[in-house]
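Understanding the architecture of this molecule
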Amino acid sequence: MVSGSDVHGTPITVRADDEGVAPQVIVDRYHSEFVEQWDALGFDWDLFTTTGTANHHAVTQDMFLRLLERGHIDKRTSNQFYDPEAERFLPDRYVEGTCPHCGYGEARGDQCENCSRTLDPIDLIQPRSRLTGATPEERPTDHFYLRLSDFAEELKEWLLSRENWRKHVLNFSLGWIEEGLHDRAITRDIEWGVEIPVDDLGPGKRIYVWFDAVIGYLSASKEWAQLNGRDEAWKDWWENPDSEHYYFIGKDNIPFHTIIWPAILLGYGGLELPTDVPANQFVTFKGGKASASRGIGTPIGEALERYEPDALRYALASNFPETADVDITEDELVRRINDELVATWGNLVNRVVSMTHRYFGGVVPEPGDNEPADVDVLTAVDAALADASDHLGAVRLRTALATLLAGAQATNQYLSELEPWKTAKTDLRRTGTTLFTALQCISGLAAGFAPYLPATSKRVLDTIGVDTSARQPAWERAEVADGTELGPAVPLFSKVEPPAEG
Ligand SMILES: [Zn+2]
């Protein structure tokens, strides 16, 4: 699991210009903020790097040269916007205007935030310079182009062979090809970015971010291999037809991962294409698109002040916008946490561990004879684990989570029926069997919840004596042996207060 911050492109330089600082200052600030938040949220990367490394620059230049050598990159002269007041070319986000596709008035030169279409600044209606507000004029300039049209047929065939992709991802990608794949400039008149490894264009030009950023997946894999002292280990994934590659992105990034990156990989040759690109749709807030740059929505850092990390992960995962945009409200987050996570899973663990302490001194009791209810509940939990595994494999993360929660509900239902707190007065052995069985269920469910609730799942497994020393808990129900001494009964989650009125 590798990724990183992409550090090039006009989003960085525009902000640096606004603040009057060097682009690297912006890069360092955001990268450390991302890393802090991933840590706080319990993200477990093999490597989270940046595209600012010497390794990434070398890998990008190698890919550029191979594609150039194979004729998939060529040099062309085109008209680009130029700001006569600032006396410079205006790549991408240095131009804003009206989207030619949807009429949105604040479209940026590289992409419309409203309709997600990628744009060429020259297509904008009523363009204006982000630097001076001037109306830019067109001037000729030389750039390298990626000949995307070379790959149209191959990409279409490949996309049509994809099974189980999210419909919106496949439709968007095929639609792009149907419209005709346009060759795209992959260099810019800009001083910030990977240096072009041939000296054909003169000074003041760089490889642009949308060519180099996607190469970050490969360069991060190579960096990971080097850091682990096995320089060639990246080949086990990238040159191995049995490997599987999943790209977790938002829908505004679809064409870069289903068209452009596969085209670069095909042009380079010998490297594996994506297995799946399960792009999420957007999270919205009161109907508006969440956007850090526009200050809409709740930043992760702020949410982490209000909610425990696993609780926040649960509430968000229950609402992942897998097939449609999802509006997230504080009420919804609170409902998911209080009514589902605390009431069902947290409560189950707490009452079973508490009762084991109350009736058996905190030692897992020896079970007596099984009744059908004991067998049934364990079968239900094992089935939930198997089903959740299938759903995760198909990147149906919401369904997998709901399946596991249903397993916890089934276990609560089992306790309500068997009433171990009542049988404790009449048939303590029966109470022992019930609690023993419920502890096995909890063991299976904690393993299942671990990808969603890493910190608290580990706590549950530690409490019931299951070994958690492996970095990833096994996807199975570990046996909780009788005689095991349980840890103390500490509530897993706290209820959260509903948001204030208004
Ligand atoms: Zn638009």
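For the structure, check the block above.
Reference entry: report on the structure contained in this document. A quick note: this is a predicted structure, and the numbers were derived from the prediction, not measured.

**A word on the coordination of the zinc ion**
The protein atoms donating to the zinc ion are Cys99 (SG), Cys102 (SG), Cys112 (SG) and Cys115 (SG), with metal-donor distances spanning 2.3 Å. Around the zinc ion, the four donor atoms sit at angles spanning 106 to 116°, and that spread fits a shape best called tetrahedral. Mapping the donors of the zinc ion onto the primary sequence yields the spacing C-x2-C-x9-C-x2-C. Here cysteine 102 is found in the loop between strand E5 (95-98) and strand E6 (107-108), whereas its partner cysteine 112 is found in the loop between E6 and strand E7 (125-129), with ten residues between them in sequence.

**As for the sheet that holds E7**
Overall, antiparallel pairing links the three strands, which are arranged E6-E5-E7 in an open sheet. One side of each edge strand has no neighbouring strand; the edge strands of this open sheet are E6 and E7. Where E5 lies against E7, three bridges are found, and the strand directions are antiparallel. Across the sheet, residue valine 95 finds its bridge partner in E7, namely serine 129.

**Some thoughts on the sheet that holds strand E13 (residues 288-289)**
Taken together, the three strands give an open sheet; going across it, the order is E13-E12-E14, and neighbouring strands pair in mixed fashion. In the strand order of this sheet, the two ends are held by E13 and strand E14 (326-327), each with one partner. Inspection of the sheet shows strand E12 (residues 283-285) paired to E14 by two bridges, in the parallel sense. Pairing of threonine 284 across the sheet is with aspartate 327, part of E14.

**A closer look at the side chain of threonine 411**
Relative to the helices and strands, threonine 411 is located in helix H13 (residues 397-418). Among the residues examined, threonine 411 registers a relative accessible area of 0% and is labelled buried.

**Describing the pattern of salt bridges**
Should their charged atoms come close, side chains of opposite charge can pair. The tally for this structure, following the rule as stated, stands at 30 salt bridges. Between arginine 130 and aspartate 18 there is a salt bridge, with the nearest N and O atoms lying 3.0 Å from each other. Note that arginine 130 is positioned in the loop between E7 and strand E8 (137-146) and aspartate 18 in helix H1 (residues 10-19), a separation of 112 residues in sequence. When the shortest N-O distance is used, the salt bridge between arginine 306 and glutamate 330 registers 2.6 Å. Residue arginine 306 is found in helix H9 (residues 300-306), and its partner glutamate 330 is found in helix H11 (residues 330-360); the two are separated by 24 residues along the sequence. One network of salt bridges, in which partners are shared, links Asp74, Arg76, Arg147, Asp150 and Asp183.

**Remarks on helix H10 (residues 309-317)**
With seven of nine residues buried, H10 is to be regarded as a mostly interior element. Regarding H10, the residues found buried are Asp310, Ala311, Leu312, Arg313, Tyr314, Ala315 and Ala317. Against H9, H11, H13 and helix H16 (454-463) lie the buried residues of H10.

**Quick notes on unusual backbone geometry**
One non-glycine residue with positive phi stands out, namely glutamine 126, at about 50°. Relative to the helices and strands, glutamine 126 resides in strand E7. Although it is not a glycine, glutamate 419 sits at a positive phi angle of roughly 45°. In this fold, glutamate 419 is placed in the loop between H13 and helix H14 (420-426).

**Side note on the pairing of E5**
Sheet topology places E5 next to E6; two bridges connect them, and they run antiparallel. Directly across from glycine 97, in E6, lies its bridge partner alanine 107.

Analysis parameters
Residues numbered from 1 in each chain as written. Predicted model: local features only at pLDDT ≥ 70, side-chain atom pairs only at ≥ 80, totals over all residues. Heavy atoms only, no water. Donors = N, O, S within 2.8 Å, 3.2 Å for Na, K, Ca; no water. Tetrahedral: all angles 85-135°; square planar, octahedral: opposite > 155°, others 65-115°. Helix = DSSP H or I, 4+ residues; strand = E, 2+ residues; numbered from the N terminus. Pairing = 2+ DSSP bridges. Buried < 20%, exposed > 50% of the residue type's maximum accessible area, 1.4 Å probe, protein only. Salt bridge = Lys/Arg side-chain N within 4 Å of Asp/Glu carboxyl O. Contact = heavy atoms within 4.5 Å.

Read these as spatial facts, not as claims about activity.
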